[in-house]
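Working through the structure, step by step
Single-letter residue listing:
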Amino acid sequence: MAVSRGALGVAIAGFGVDFKSDSAGIITILRRRYAPFIERPGRGLELAVSEGPNRREPFRPYVESAAGRLELRRGDFNAEIFSGAGRGKAAAAPNEQCLDAFLRSLISWNLLESGGLMLHSSGIALGGKAYVFPGKSGAGKSTLAKLALKAGAEVISDEINLLRPGPRGWRVYGSPFWGEMRAGGRQANWPLGGIFLLKKAAATSVLPCAPGEAFRTVMRCLVNFSRSAEVSAAALLAAGRLLAAVPARRLGFSKDSADFLELIG
Amino acid sequence: MKIKKGLAYRRVAGELFVVDAGKARLHELNGPAAVIWEGLAKNRSQAEIAAELAAQFEVGEAAALADVGDFVRELQGAGLLA
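Residues numbered from 1 in each chain as written. Chains lettered and ligands numbered in written order. Predicted model: local features only at pLDDT ≥ 70, side-chain atom pairs only at ≥ 80, totals over all residues. Heavy atoms only, no water.

1. A word on the nonpolar core
Counting residues in hydrophobic clusters, the biggest one holds 78 residues, and the most contacted among them are Ile12 and Leu162 of chain A. No other element matches the 10 residues that helix H2 (residues 96-113) of chain A contributes to this core. Taken domain by domain, the makeup of this core includes at least three residues from each of domain 1 (6-113) and domain 2 (117-264) of chain A. Judged by nonpolar contacts, the second largest core, of 22 residues, contains Leu53, Val68, Leu75 and Leu81 of chain B. (Core = buried A, V, L, I, M, F, W, Y, C linked by side-chain atoms within 4.5 Å. Buried < 20%, exposed > 50% of the residue type's maximum accessible area, 1.4 Å probe, protein only. Helix = DSSP H or I, 4+ residues; strand = E, 2+ residues; numbered from the N terminus. Domains from an automatic or database assignment.)

Encoded structure:
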């Protein structure tokens, strides 16, 4: 059996992580799990990863930063990162769930730090633009994504999408974090064309949405594991800027029809 | 009476959103509640906040003061004040 120990670069939403590990298990899992997001090491955060215990508790990640040291931990991972030096170390259980939770925690932090956000949402690419549909569990994210895929649109993710502001507006980045569709995603990015709050309905419709309602939904769907007031303030600011740039509308859609694709552009 | 440390808030379209990340909760305040919150954030006394409320919402100062007291107790109950 081939041993895959060594180094592996992964880049998600423009944030690179160069994993270095003596654990063949960890490198093999990363290589398989993040295949579409692998890039040549040497351009990202240098992270030395060793195998750690697979504790179930605590389940919710702890993510805090002080004096240039970022700490991320939960039962099955423990990491400290020195952003200024561009390096850090981590101990992680050698399984996909653990490494996924670690990267979700790290990328959600990076996004908020850079003015962006990670959003529980369905995201689709159509006509060169990305459309994002925030919603909690049961809102219809995967249903809508499957309808879009069947009708020929590309699905960016049916569960978690990654948004960043840039000089020419907000962009949505390819995501490895998926829900029930369990696809791989791809490394790409699209200009954000629209944001739609979901409403299951008998007929397709697009209606205006009150700014307060849109803000509430985006805040409730925003992924942030930090408990600090500063990061909460960054989340409020990012949500406000996002909706000021791309006002949300409400999409009524039926699980039987992909008609909504004609209305969202 | 002060707002608890660790909270972040922002006004959006007339509503005030308060994030209590420690409890993973989002609170929404509007109208007089938002004015009271912002007064507390500026360390104003309840009487000063009541005067502002009376001016903005055309209510008597005595009624406004009672409203401020009620809402402060509500905020205490929700664990949002220090």
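Still more to cover.
2. Some words on H2 of chain A
Residue and element names in this part refer to chain A. With 18 residues, H2 should cover 26 Å at 1.5 Å per step; its first-to-last C-alpha distance of 25 Å lies within 8% of that length. For H2, the tally of buried residues reaches 14 of 18 residues, placing the bulk of the element in the interior. Looking at where H2 begins, the residue whose side-chain oxygen comes 3.2 Å from the main-chain nitrogen of glutamine 97 is asparagine 95. Once H2 finishes, glycine 115 follows within two positions and takes phi at roughly 90°, a positive value. (Expected span 1.5 Å × (residues − 1). Polar contact = N/O pair within 3.5 Å; in protein donor to acceptor, adjacent residues only side chain to side chain.)

3. Let's talk about the packing of aromatic side chains
All names here are of chain A. Evaluation of the coordinates by the stated rule reveals six aromatic pairs over all chains. Between phenylalanine 133 and phenylalanine 260, the aromatic rings sit 6.4 Å apart at their centres with planes inclined by 80°, giving edge-to-face as the arrangement. Placement of the pair is phenylalanine 133 in strand E10 (residues 129-134) and phenylalanine 260 in helix H6 (residues 260-264), with a sequence separation of 127 residues. For the residue pair phenylalanine 133 and phenylalanine 260, the accessibility class agrees, reading buried in each case. For the ring pair phenylalanine 253 and phenylalanine 260, a centre distance of 6.3 Å and an interplane angle of 70° mean the geometry is edge-to-face. Judged by relative accessible area, phenylalanine 253 falls into the buried class, the value being 2%. Of the aromatic side chains, those joined through ring pairs into one cluster are Phe133, Phe196, Phe253 and Phe260. Over the ring of tyrosine 173 we find arginine 164; its NZ or CZ atom is 6.0 Å from the centre of that ring. (Phe/Tyr/Trp six-rings, centres within 6.5 Å; stacked < 30°, edge-to-face > 60°. Lys NZ or Arg CZ within 6 Å of the ring centre and 35° of its normal.)

4. Points about the domain arrangement of chain A
Residue and element names in this part refer to chain A. In terms of domains, chain A is made up of domain 1 (6-113) and domain 2 (117-264). Computed over C-alpha atoms only, the centres of domain 1 and domain 2 are separated by 25 Å. Contact residues are listed per partner, giving 23 residues for domain 1 and 26 residues for domain 2. At the boundary of domain 1 with domain 2, total buried surface from both sides reaches about 2,000 Å², with 66% on carbon and sulfur atoms. Linking domain 1 with domain 2 are zero salt bridges. Our count for the contact surface shared by domain 1 and domain 2 stands at five residue pairs in polar contact (both at pLDDT 80 or more). Listing elements by their share of the side of domain 1 that touches domain 2, those giving two or more residues are strand E1 (6-12), strand E5 (62-66) and H2. The biggest single contributor to the side of domain 1 that touches domain 2 is H2, with 10 residues. Residues of the side of domain 1 that touches domain 2, tallied by class, amount to 14 nonpolar, three polar and six charged. (Contact = heavy atoms within 4.5 Å. Buried area = accessible area lost by both parts, 1.4 Å probe. Salt bridge = Lys/Arg side-chain N within 4 Å of Asp/Glu carboxyl O. Nonpolar A, V, L, I, M, F, W, Y, C, P; charged D, E, K, R; others polar.)

5. Here we look at the sheet that holds strand E7 (residues 77-82) of chain A
Residue and element names in this part refer to chain A. The eight strands are arranged E3-E1-E2-E4-E8-E7-E6-E5 in an open sheet whose pairing can be described as mixed. Each edge of the open sheet is held by one strand with a lone partner, namely strand E3 (38-39) and E5. Judged from the five bridges that link them, E5 and strand E6 (residues 69-74) form a sheet pairing that is antiparallel. Within the sheet, the bridge partner assigned to glutamate 64 lies in E6 and is glutamate 71. Of the strands in this sheet, E1, strand E2 (15-21), E3, strand E4 (45-51) and strand E8 (87-92) touch helix H1 (residues 24-33), which is tilted by about 35° from E1. Against the sheet, H2 touches E1, E2, E4, E5, E6, E7 and E8, its axis set at about 145° to E6. (Pairing = 2+ DSSP bridges. Axes fitted to C-alpha atoms, helices over the stretch in contact; angles between N-to-C directions.)

6. So, the pairing of strand E9 (residues 117-126) of chain A
All names here are of chain A. Extensive coverage of E9 is indicated by the burial of eight of its 10 residues. With four bridges joining them, E9 and strand E12 (residues 160-166) adopt antiparallel strand pairing. Its bridge partner lying in E12, methionine 118 is registered against leucine 162. Here E9 runs beside E10; their pairing, made up of six bridges, is antiparallel. Directly across from alanine 125, in E10, lies its bridge partner alanine 130. Once E9 ends, the chain turns through two residues before running back antiparallel as E10, passing glycine 127 with a positive phi of about 60°. The pairing of E9 with strand E11 (residues 154-157) spans three bridges and is antiparallel. Looking at E11, one finds that glycine 123 is bridged to serine 157.

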